[in-house]
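Take a look at the letters that make up each chain.
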Amino acid sequence: MQKNVSLKPYNTFGIEAKTDWFADIDSEEQVLTIIDDLPQMPKLILGEGSNVLFLKDFEGIVLHNNIKGKRIVDETDNDITIAVKGGEKWHDFVMWAVHHNYGGIENLALIPGKVGTAPIQNIGAYGVEVKDVITEVHTLNMQNCLPNIFSKTECQFNYRHSIFKLPENKGRYFINEVHFKLTKKNHALKTGYGAIQNILQQRKIIQPGLKDIADAVIEIRQSKLPDPKEIGNAGSFFKNPYVDEQKFIKLLQKHPEMPYYKTTVTETYKIPAGWLIEQAGWKGKRFGSVGVHPKQALVLVNYGEATGLEIKNLADQIREDIQDKFDITLQPEVNFIG
Ligand code: FAD
Ligand code: EPU
């Protein structure tokens, strides 16, 4: 356990914030010991810090999840269920699965973060959400130290949502292991996204395999999302908003070119927040150390020495502007700490 540690290397926004105490967690026993020894001390679980914004120093202890390991839980001719420890890097797990020809997560290549965080906001990209392959989420209850296993249904997965995002559950469960059921053959490849199709065509790939899809997704992501090692960011700052049919029709009459997605909720449509923010004139704007990325308006960036409050201030201004111009309330995807 270290005292008075800078969290700058531990958040992809690159925000300078300090924590009173910092512990690299390699085992479940270590979590239980910390809960036993420091029952009153505020605790923050951190993976790769790719979905957090520190607004001030953290007065407590950061538990940096590094619990590693994988094991096969079940296997048939058609599929395999793998238990993966929460401290494994998500992208490494994806590439391991692709290498072994286990299908289901190839579209989620290059998403930053740890395996243990993936269920929290039900990470998703290019037509796949992690809920599609999760069977169980194993946790340690931070209040009573007991193990708590959540079935897929109990997780209440939805777009960028799960039971772990509910305010009453914030910090309550340490996700130590996630179970994934992946296909061994007859993979259900998701190649519907235009950008994926274009790359496969360019590469003259007619019968793509898992690696072809993962490679295409990696290329698309590298072409539009800033690499946090170069420019601080946390991916999409806001969620894409849902609007009802009445509002949707009004918007479409005014902006016939507006992109949208039909949702599984009847008479509800999802509008890309990046499009709204671009229409409102924010794309590429820079204000000192903070800005809106020139290639993806949904990504707010730290050009150097920004504080968390400066980023939040920009986000608040964008939110108000979108409310005024479109009568749509944007909800942050990023978790504010402080
Ligand atoms: P952290 O930022 O470390 O933590 C996030 C939250 O979870 C915090 O509240 C933390 O306290 C809590 N937490 C962390 N670990 C645990 C645990 N083991 N148990 C309980 N609570 C925990 N997301 C997508 O869905 N799709 C994308 O395409 C995508 N693209 C991105 C691109 C970039 C460039 C970046 C920077 C981010 C992107 N994200 C995307 C967001 C991010 O990658 C995911 O939210 C990821 O799951 C966060 O993982 P993490 O380990 O970094 O979480
Ligand atoms: N768009 C604009 N201007 C912009 C950005 C986007 O007009 O500046 C338009 C695009 O032209 C396109 C539409 O908005 O028609 C959607 O854009 P894109 O495909 O880039 O995806 P997104 O909706 O902005 C979502 C996720 C991403 C995920 C991608 C790919 C959310 C909040 N974001 O972004 O996830 O990688 O789809 O599936 O759902 C993240 O969560 O951090 C994240 C990066």
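No experiment lies behind these values; they were computed from the predicted model shown. (Residues numbered from 1 in each chain as written. Chains lettered and ligands numbered in written order. Predicted model: local features only at pLDDT ≥ 70, side-chain atom pairs only at ≥ 80, totals over all residues. Heavy atoms only, no water.)

J.: I would appreciate a short explanation of the pattern of salt bridges in the present structure.
T.: As a working rule, side chains carrying opposite charge can pair if their charged atoms are close by. With the rule as written, the count across this model stands at 15 salt bridges. One salt bridge in this structure joins Glu219 and Arg203, with 2.0 Å as the shortest N-O distance. Here Glu219, found in helix α4 (residues 210-224), pairs with Arg203, found in the loop between α3 (194-202) and α4; they are 16 residues apart in sequence, far enough to count as distant. Owing to a relative accessible area of 33%, Glu219 belongs among the partly exposed residues under this scheme. Linking Asp215 and Lys211 is a salt bridge whose minimum nitrogen-to-oxygen distance equals 2.9 Å. Here Asp215 pairs with Lys211, and both are found in helix α4, just 4 residues apart, close to one helical turn. Each of Glu28, Arg71, Lys85 and Glu177 takes part in one network of salt bridges that share partners. (Salt bridge = Lys/Arg side-chain N within 4 Å of Asp/Glu carboxyl O. Helix = DSSP H or I, 4+ residues; strand = E, 2+ residues; numbered from the N terminus. Buried < 20%, exposed > 50% of the residue type's maximum accessible area, 1.4 Å probe, protein only.)

J.: Help me understand the site of ligand 1 in this model?
T.: Surrounding ligand 1, one finds 33 residues, the nearest of these being Ile45, Gly47, Ser50, Thr117 and Arg221. Residue Ser50 places a side-chain N or O atom 2.6 Å away from an oxygen atom belonging to ligand 1. Arg160 has a polar side-chain atom sitting 3.5 Å from a nitrogen atom of ligand 1. Look at ligand 1: alone it shows 990 Å² of surface, and the protein chains cover 93% of it. Of the residues contributing to the shell around ligand 1, the split by class is 15 nonpolar, 13 polar and 5 charged. (Near = heavy atom within 4 Å. Polar contact = N/O pair within 3.5 Å; in protein donor to acceptor, adjacent residues only side chain to side chain. Areas by Shrake-Rupley, 256 points an atom, 1.4 Å probe, with all protein chains shown as cover. Nonpolar A, V, L, I, M, F, W, Y, C, P; charged D, E, K, R; others polar.)

Keep in mind these numbers describe shape, not what the thing actually does.
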